[in-house]
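An overview of the molecular structure
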Amino acid sequence: MSEREQILGRIREALRVAAPKPGLLSGPGQRVPAHEKRPTDFSPWLPAVGDSFEERAALFAKNSAELKTDFQLVANRDELQTKLLALAHAEGWKKIATHAGELTNYAFAALGLPVVQTGGRYKMDELESSDAGITECDALVAQTGSVVLSTRSAGGRALSVLPPHHVVLARRDQLLRDLPAAFTALKQRYGSSYPSMMCLITGPSRTGDIERILVLGAHGPKKLTIFCM
Amino acid sequence: MSTVAETFKETARRMTRDLRHRSWIQNALGKYYIGRDEKKARFQNWQEARQAAAEIKWDAVNHLDKYLEQFVSKIEARGTKVFWASTGQQACDYIVNVAKKHRVRSIVKSKAMTGEEIHLAQALEKSGVEVVETDLGEYIVQLREEAPYHIVFPAMHLTRHEISDLFNKKLGSAPTDSPEELTMIARRTLRKKYCAADMGISGANFAVAETGMISLTTNEGNGRLSTSLPRIHVALIGIEKVLPTLDDLALFLPMLATAGAAQAVSCYNTFIAGPRQEREPDGPDEFHVVLLDNGRTRLLADAEQRDTLHCIRCGACLNVCPIYKNIGGHTYGTTYMGPIGSVLTPHLRGLTEWKHLSFASSLCGACTETCPVKIDLHHHLLQNRRNAIRCKSPWWEKLIFKGFVILMNYPLLYRLGVKFGWLGQKFHWLIKGTKLDPVYAWTQSRELPPLARNSFKDYWRRKQS
Amino acid sequence: MVKVLERLGHQVEYPEEFTCCGQPAFNSGYWDEARAVAEKVLAMYRSAEIIVGVSGSCGAMMMTFYKELFHGTPLEAEAKAHAAKVWEFSDFLVTKLGVTDVGAKFPAKVTFHDGCHGLREVGLKKQPRALLAKVQGLELVEMDAAESCCGFGGTFSVKFPMISTAMGEVKCDSALKTNADYIVSCDSSCLMHIQGLADRQKKPLRTMHLAEVLAKQ
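What you are looking at is a predicted structure, and each value in this text was computed from that prediction instead of being measured.

Thresholds applied
Every chain is numbered independently, its residues counted from 1 as its sequence is written. As they are written, the chains are lettered A onward and the ligands numbered 1 onward, keeping that order. Thresholds applied to this predicted model are a pLDDT of at least 70 for local features of residues and 80 or more for the giving and counting of side-chain atom pairs; totals over whole chains, interfaces and linings are not thresholded and use all residues. Here the side-chain values reflect all heavy atoms present in the structure, with hydrogen atoms and water set aside. The way it works is that DSSP assigns letters per residue, a run of H or I at least four long becomes a helix, a run of E at least two long becomes a strand, and they are numbered from the N terminus. Radius of gyration: over C-alpha atoms. The globule rule applied is 2.2 Å multiplied by the number of residues raised to the 0.38 power. Think of it in three bands: with a 1.4 Å probe and only protein chains considered, a residue is buried below 20% of the maximum accessible area for its type, exposed above 50%, and partly exposed in between. Whether two residues are in contact is decided by their heavy atoms: any pair within 4.5 Å suffices. His is not counted, nor are the chain ends, whereas Lys and Arg count as positive and Asp and Glu as negative. One atom stands in for each charge, and that atom is NZ of Lys, CZ of Arg, CG of Asp or CD of Glu. One side-chain nitrogen of Lys or Arg within 4 Å of one carboxyl oxygen of Asp or Glu is enough to make a salt bridge. Under the rule applied, a polar contact is a pair of N or O atoms within 3.5 Å (in protein, one hydrogen donor and one hydrogen acceptor; residues adjacent in sequence only if both atoms are side-chain atoms). Only rings of Phe, Tyr and Trp enter the pairing, Trp through its six-membered ring, and a pair is recorded when the two centres are within 6.5 Å. The plane angle decides the type: under 30 degrees is stacked, over 60 is edge-to-face, the rest tilted. Any Lys NZ or Arg CZ found within 6 Å of a ring centre and within 35 degrees of that ring's normal is scored as a charge over the ring.

In this section: the overall build of chain C. Scanning chain C for helices and strands turns up 12 helices and 6 strands. A compact globule built from 217 residues should have a C-alpha radius of gyration of about 17 Å, and chain C, at 18 Å, falls within 12% of that. For chain C, the C-alpha atoms occupy an extent of roughly 50 × 45 × 25 Å along the three principal directions. Here chain C holds 217 residues, and the buried ones make up 61% of them. Taking the intrachain contacts of chain C between residues at least 6 apart in sequence as the baseline, contacts between residues at least 24 apart amount to 76%. In chain C, 24 positive and 26 negative side-chain charges are present, and the distance between their average locations comes to 4 Å.

In structure tokens, the structure reads:
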């Protein structure tokens, strides 16, 4: 019998005795009784989010400030171009990395800098020495100030995490309200064939491992900038 | 040679007297409490969320065979190699062999408590492979050659000066007292390791059955880098980590972060479905998932304590435990410390040797109160005690409690006993606090209250007449 | 407690043969021995309408753990019935009787320690505070970590005295910071441990049970 069969066998044997469901234990500590059907709608219990775009954008901005993410709403492509150029100039970018996409194509053309494309196979040390990685995304999440992306929407796995500055180009209609909505969107988009990696990014890389003091840029990008058009 | 229990008591004696350690940990956790309460308050209903999380985990664990099979079939369909390991040794052997087969020379490891549990790093190093921990806290304790202090914050017990000295000694870096600079030193060193490593090892916080994915949480991005750059990725996962659907993550990710680290949600929550796909520009060519039993099916069979397997390893119970706060993480001498460790370890490693952890608790219940998936932790400690006594009880203790029953069930004897105690107390001062004192365990550090001349029973009798 | 209940006009009965709820044996893992004691307790209170006790931990034992102790035995139903009749004193006054002013007078500054069993098993938090608020002349100040365990834990205090002591020291420090005259709690065992520690370390702390405070006039 294979190890798999042995383990599954032990599991089935163990499960022949039922364990009590949580919430069926009565007592003063039990404030919430068991639900009849297993819960699937978490939005009523998670942090509240407004319905309009303005409310969502305001919440995203508030969360970003807390996370030290640079979140900017831009009206159109011209404004995006201006802001990108300003950023590149301020940060002193010499080389950037990006992937092919509607917004990213526009961005790297606008910047006119040497570029590493992660479309096909690329050289890792080229990516490693880039000053910034510019990607698109699958969604933004207002509730948590997060970016949702995948290997397909953001040019592979390393682009969004190796360069020290990650820039995300998003569209207004990608700003979703909460985490349940984000997972629904991923299922809708990729349900038939998932990419090998998807990720929920919330702020620049950070650690509190030294004396519980917050330091940004532990291993991933030290800076995260999001332009939402 | 002292037993595990004796070592525990010795170390606890030393640690509880260390006032510097006491105030250091109080301080560190103080910040956590404030942050945690603030993030909990953002939930519209934290208690409902807890109940839902508990029910979902109940569903997952009580249908474990079904969900495991679903998870494996989906993830294998995308080219993942799945290995089922009944024991830690089997898991180690498999991973060592994968490394050998692919001529792996260096490995970058993202934090995995299962890895600590089976001593994976040691097994790989013995086979001649370099293993580098990439989580900053784990990297620090790896350099110090000591065990993690906490399951989420491995280096919580160290000051910046100690870390600076460590880096100076082991990495040759200039001393500094800036946490930022220290982090950058680690970043620069580890970056080279990521780029050069042949294999990346990770754990997983959840194994999503519906879509056949693992969910990996980090704040530093070390999980992303360890699983993106090397050509082989191995994920070591306890079989109980299963979660039924992808949507469940919308509840579990914020709860894990809030309870464990006082954050709304962790920085990087990565969902890996398989190795690099044909049209993807990067990612590992091979992805292996090692499913680890190592005693978990034994715990599953204990229906009374089965909910221990609901644990999402958030560390919240450690953070509120007054025992943990006073003795520190290393004193436990186990992979898993704090309340969850005390409940779990006897099941994974044997009741006889590890029962003392279940007795080393005042059963305050703060752990159960804080657990995001409502594990009945402190009641399990009581059950472990009962099981330990049923297995083997010290003869003198059994005698004492038999005496207890007699004294309590015969009121006349009880009253005599109390009067005797009152009289005895008059002479107690002669031997109080010395080794002759029968209640030395109390009087070594505390005074005893004087027994009243008239007990409540005497009062009541007088009142009736 | 008897004085207060009689002051409020209630008839109090007490089975003289009562000694102990059995918790020390239960917590140490000796459930058979605990059951032997608890069986007698069930019998002596069989005819009682309501049972009131001044201890959070004894209350918890009877309310929560008797059911577990007698699970699967012929006395299970009786244990459940018994549990339903048991009330902790402050909970009884506030929740059952709806009374917060018992006519007490005690001019002092006090801080309240939430004993673990009372807090987490019985659900005491607001009730003792509501009662203290109505005591004439009394000023209540909250200490940091009022809900933190004092370190007694029954046999834990003598099996692991070093840890128990450290936890007690943290509690004493927290109480001293408030400059209160007294620490008040619903559990004598907590108070005995805190007072014992304070006396040995010559710390100026005095402890008093909530029932004692409410009896003062």
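Quick look at the pattern of salt bridges now. Applying the stated criterion across every chain, the model contains 52 salt bridges over all chains. Here Glu-38 of chain B makes a salt bridge to Lys-39 of chain B, at a shortest N to O gap of 3.1 Å. On the accessibility criterion, Glu-38 of chain B (38% relative accessible area) is partly exposed. Its salt-bridge partner being Glu-130 of chain B, residue Lys-193 of chain B comes within 3.0 Å of it at the nearest N-O pair. One end of the pair, Lys-193 of chain B, is in helix H10 (residues 179-196); the other, Glu-130 of chain B, is in strand E3 (residues 130-133), with 63 residues separating them in the sequence. One salt-bridge network, in which partners are shared between bridges, spans Arg-4, Glu-5 and Arg-12 of chain A together with Asp-65 and Glu-69 of chain B.

Residues and elements named next belong to chain B. Among the secondary structure elements, Glu-117 is positioned in helix H6 (residues 113-117). Its relative accessible area of 12% is what places Glu-117 among the buried residues. Here the side chain of Glu-117 touches Asn-294 through a polar contact of 2.9 Å, side chain to side chain. Leave out the neighbours within four places in its chain, and Glu-117 touches Leu-292, Asn-294, Arg-296, Thr-335, Tyr-336 and Leu-348.

What follows deals with the packing of aromatic side chains. Tallied over the entire structure, the rule returns 25 aromatic pairs over all chains. One aromatic cluster is present, formed by Phe-8, Tyr-149, Tyr-324 and Tyr-332 of chain B together with Phe-156 and Phe-160 of chain C through successive ring pairs. Positioned above the aromatic ring of Tyr-410 of chain B, the side-chain terminus of Lys-40 of chain C is 5.9 Å from the ring centre.

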